[in-house]
Amino acid sequence: MCRSLGITVEEVSVGRARLRMRISEDMLNGHNLAHGGYLFLLADAAFAYAGNARGPVTLAQSAQITFLRPAEAGEELLAEAVERARYGRQGVYDVTVRRPCGEIVAEFRGQSVTVSGRPGGVS
């Protein structure tokens, strides 16, 4: 999914990840701004990399995003995920989506759950 949208993974370590994506014309909404679903997808991908870096399969349990500024076609965005808390099978991650200059576009918070085996009950 990341490759098909041109998302590049810049850094992954336990509890952290940084991804980059350029907004294309195909990612715009009816207002000619980046569709929120693509911003959510970028943040969610960073969340997934950060949560799965330590090994066991970790899935999103819930997530929310707050859009603070619009993004336009051609803009490059960075998503930086950081693990805030982890206890047992539960985890909390914050992801900041920003322009390379540091201006924040969106803030995302995801809650994870660690599962045994493979997702969907398939072994």
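See the structure above.
Visitor: Can you tell me about the overall build of the chain, naming the residues and giving the values?
Guide: Looking only at helices and strands, one finds one helix and six strands in the chain. Computed over its C-alpha atoms, the radius of gyration of the chain comes to 15 Å, within 12% of the 14 Å expected for a compact globule of 123 residues. Dimensions of the chain, computed from the C-alpha atoms along their principal axes, are close to 40 × 30 × 25 Å. Burial statistics for the chain: of 123 residues in total, 34% are counted as buried. Across the chain, contacts joining residues at least 24 apart in sequence account for 62% of those joining residues at least 6 apart.

Visitor: How would you explain the environment of Leu78 if you had to name every residue and give the values?
Guide: By secondary structure assignment, the location of Leu78 is in strand β4 (residues 76–87). On the basis of relative accessible area, Leu78 is assigned to the buried category, the value being 9%. Counting along the chain gives 22 residues from Leu78 to Pro56, while the straight-line C-alpha distance between them is 26 Å.

Visitor: I'd like to hear about the pairing of strand β1 (residues 8–13), residue by residue, with values.
Guide: Relative to strand β2 (residues 16–22), β1 runs antiparallel, the two sharing five bridges. Of the residues in β2, the one forming a bridge with Val12 is Ala17. Between the end of β1 and the start of β2, which pair antiparallel, lie two residues, with Gly15 showing a positive phi angle near 80°.

Visitor: Please set out the sheet that holds strand β5 (residues 90–98) residue by residue, giving values where relevant.
Guide: Read across the sheet, six strands follow the order β1-β2-β4-β5-β6-β3 without closing on themselves; strand pairing throughout is antiparallel. Lying at the two open borders of the sheet, with one neighbouring strand each, are β1 and β3 (58–67). The average angle at which neighbouring strand axes cross in this sheet is 20°, direction not considered. Bridge count between β2 and β4: seven bridges; the pairing is antiparallel. In the sheet register, Arg20 faces β4, and the bridge partner there is Leu78. Set on the sheet, helix α1 (residues 36–52) makes contact with β1, β2, β3, β4, β5 and β6 (104–114); between it and β2 the angle comes to about 150°.

Visitor: Outline the side chain of Thr96, listing residues and values.
Guide: Residue Thr96 is classed as buried on the basis of its relative accessible area of 12%. At 3.0 Å, the side chain of Thr96 and the side chain of Glu107 are in polar contact. With residues up to four places along the chain from it excluded, the contact list for Thr96 reads Leu78, Ala79, Glu80, Ile104, Ala106 and Glu107.

Rules and cut-offs
Residues numbered from 1 in each chain as written. Predicted model: local features only at pLDDT ≥ 70, side-chain atom pairs only at ≥ 80, totals over all residues. Heavy atoms only, no water. Helix = DSSP H or I, 4+ residues; strand = E, 2+ residues; numbered from the N terminus. Rg over C-alpha atoms; globule rule 2.2 N^0.38 Å. Buried < 20%, exposed > 50% of the residue type's maximum accessible area, 1.4 Å probe, protein only. Contact = heavy atoms within 4.5 Å. Pairing = 2+ DSSP bridges. Axes fitted to C-alpha atoms, helices over the stretch in contact; angles between N-to-C directions. Polar contact = N/O pair within 3.5 Å; in protein donor to acceptor, adjacent residues only side chain to side chain.

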